[in-house]
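Fold and contact review
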Amino acid sequence: MPDQKQFVVTPWKVEGAVDYEKLVKDFGTQLIDDRLRARITKKAGFSNPLLSRRVFYSHRDLGWLLDMYDKGEEFFLYTGRGPSGGTHLGHIIPYTFNKYLQDAYDAELWFQVTDDEKYLVKELEQEEISEFARQNIADFIACGFDPKKTHVLLDSQCIKTLYPIALKIAKRTTFSTAKAVFGFTNETNVGLPFFTALQAAPCFLPSVLHKRNIPCLIPAAIDQDPYWRIARDVAPKLGFHKPAAIHCKFISGLGKGGKMSSSEPETTIFMDDSPTVIKQKVMRSFTGGAPTEEQQRLEGGDPSICPVYSYYTYLFAKSDAELQKIFDECEEGELMCGPDKTRLAGRVAAFVSDFQKKKQKALKRVDDFLFREEDFT
Ligand code: TRP
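Residues numbered from 1 in each chain as written. Predicted model: local features only at pLDDT ≥ 70, side-chain atom pairs only at ≥ 80, totals over all residues. Heavy atoms only, no water.

1. Re the pairing of strand β6 (residues 109–113)
Judged by how many residues are buried, β6 sits mostly within the fold: five of five residues are covered. Covered by surrounding structure in β6 are L109, F111 and V113 together with W110 and Q112, the residues of both alternating faces. (Buried < 20%, exposed > 50% of the residue type's maximum accessible area, 1.4 Å probe, protein only. Helix = DSSP H or I, 4+ residues; strand = E, 2+ residues; numbered from the N terminus.)

2. Overview of the environment of G257
As for its placement among the helices and strands, G257 is situated in the loop between β9 (244–248) and α13 (275–283). The spatial distance from the C-alpha of G257 to the C-alpha of V18 is 9.2 Å, given a sequence separation of 239 residues.

3. Regarding the domain arrangement of the chain
According to the domain assignment, the chain contains domain 1 (7–254) and domain 2 (265–360). Summarising the inter-unit geometry, the C-alpha centres of domain 1 and domain 2 are found 29 Å apart. Listed per partner, the contact involves 21 residues of domain 1 and 26 residues of domain 2. Carbon and sulfur atoms supply 65% of the area buried between domain 1 and domain 2, which totals about 2000 Å² over both sides. A per-residue breakdown of the area domain 1 buries against domain 2 is headed by R53, L89 and L254, which together make up 43% of the total. Inspection of the region where domain 1 meets domain 2 yields two salt bridges. Between R53 and D320 there is a salt bridge, and its shortest N-O distance comes to 2.3 Å. The set of elements that each furnish at least two residues to the side of domain 1 that touches domain 2 consists of α3 (49–52), α5 (89–105) and α7 (126–141). At four residues, α5 tops the list of elements feeding residues into the side of domain 1 that touches domain 2. Looking at the side of domain 1 that touches domain 2 residue by residue, the classes come out as 12 nonpolar, seven polar and two charged. (Domains from an automatic or database assignment. Contact = heavy atoms within 4.5 Å. Buried area = accessible area lost by both parts, 1.4 Å probe. Salt bridge = Lys/Arg side-chain N within 4 Å of Asp/Glu carboxyl O. Nonpolar A, V, L, I, M, F, W, Y, C, P; charged D, E, K, R; others polar.)

4. Quick look at the site of the ligand
Around the ligand sit 14 residues, and of these Y78, Q112, E117, Q199 and Q224 come closest. Here an oxygen atom of the ligand and a backbone polar atom of G82 are 3.0 Å apart. In the model, an oxygen atom of the ligand is placed 3.3 Å from a nitrogen or oxygen of the K118 side chain. In isolation the ligand offers 360 Å² of accessible surface; the protein chains occlude 91% of this area. Those elements giving two or more residues to the shell around the ligand turn out to be β5 (76–81), α6 (115–121) and β8 (216–221). (Near = heavy atom within 4 Å. Polar contact = N/O pair within 3.5 Å; in protein donor to acceptor, adjacent residues only side chain to side chain. Areas by Shrake-Rupley, 256 points an atom, 1.4 Å probe, with all protein chains shown as cover.)

5. Observations concerning the packing of aromatic side chains
In total, this model carries 28 aromatic pairs according to the counting rule given. Each ring, one from F182 and one from F184, has its centre 5.4 Å from the other, and the planes form 15°; the classification is stacked. Judged by relative accessible area, which is 6%, F184 ranks as buried. Residues F195 and Y227 carry aromatic rings whose centres are separated by 6.0 Å and whose planes lie at 90° to one another, so their mutual orientation is edge-to-face. Of this pair, F195 sits in helix α10 (residues 191–200) while Y227 sits in helix α12 (residues 225–238), and the two are 32 residues apart along the sequence. In this pair, the class of F195 matches that of Y227, namely buried. Cluster of aromatic residues (ring-pair linked, three or more members): W12, Y78, F182, F184, F195, Y227 and W228. In this structure, R229 packs its charged tip against the face of F27, placed 4.4 Å from the ring centre. Residue placement shows K249 over the ring face of Y20; its charged tip is 5.6 Å from the ring centre. (Phe/Tyr/Trp six-rings, centres within 6.5 Å; stacked < 30°, edge-to-face > 60°. Lys NZ or Arg CZ within 6 Å of the ring centre and 35° of its normal.)

6. Focus on helix α2 (residues 34–44)
Those residues of α2 not exposed but buried are L36, R37, I40 and A44. Projected down its long axis, α2 shows its buried positions confined to an angular sector of 100°, all on one face. Along α2, exposed side chains directed more than 90 degrees from the buried face belong to D34, R35 and K42. In this fold, the buried residues of α2 make contact with α3, β4 (56–60), α4 (62–70), α5 and β9. Of the residues trailing α2, G45 is marked for its positive phi of about 90°. (Arc of directions from axis to C-beta.)

7. A short note on the sheet that holds β5
The strand order β3-β4-β9-β8-β5-β6-β7 describes an open sheet built from seven strands, whose pairing is mixed. Here the strands that pair on one side only, and so sit at the sheet edges, are β3 (30–31) and β7 (150–154). Here helix α1 (residues 20–27) sits on the sheet in contact with β3 and β4, set at roughly 5° to β4. (Pairing = 2+ DSSP bridges. Axes fitted to C-alpha atoms, helices over the stretch in contact; angles between N-to-C directions.)

Below is the structure:
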């Protein structure tokens, strides 16, 4: 039996019960403190639950980036998606935080779609990946990004632009560093070590295109941090600022523990699921409830391990007060899992149907968002 305390987090594999505080120590990042949270909230004019409830919880150089901004140096945002399947809530939740930051700082946003990476790591044909990529881009656009300030980098299509920068990064990254950071072995195909430079490249691309050194902030799940270690290592050697990062935890699936993942469709809410399917999935969710109703009335439930409760914390509670009420009533044994799930299912289904309407429009606008080098020359 593997030790309960053991967990693995790499960009391609997340396993076991993740200890997020330990990850901060292992990766050498910092926890976001109240001051940093307050600075962002003040600038945005309102608080974002993903920040106040510590889903985005760790960072690199966020204080430095905000100081630069206060001195008049605007930054750009960089995030991305590997197109290996349909978009689910676990993707959309962090996208909404990117949108919050784009609006708060009026920032340009770069979205990398790594069709090359997914071909290297998944058993998928290139044609299948291209179709996922188009759908994934529309899902991203549907979150409301400003087309004038948002650029989508589809790797296979933009390789001519990315390649010179990736080469510069690759030349200055040794295999021994890449092995230490990503855990490559002799069985790793030779595409992946070079790909690491391609995912680092967008950290510097806007500086190259705009011909001035622009700070970068990367909002992403913490499993992507190894790429930023490579980028930060190389940045001073190439005369760029080190990219700053703001990391989120994984969005839970509806099963017991573990992140939401396309490879477990039963516990994943896909953005193209119908209301009926969503209701079924939520009603079958694991919860922090007691084995019987009677026991739950007596002893209460445990919201801290409950995926249903976690969905309220991310996006689906109407206010902090409502969230607190749900927590207290669950712990006190006043709230039963059935009605709690029914309420969540209704909210998620409404959110997803509204999203689907936006996506239909977004599908027609994919080309407007795709990066074109001509626009910058
Ligand atoms: N590797 C990421 C994935 O598999 C995709 C990605 C590329 C990304 N660039 C990024 C994610 C920047 C976050 C930030 O999903």
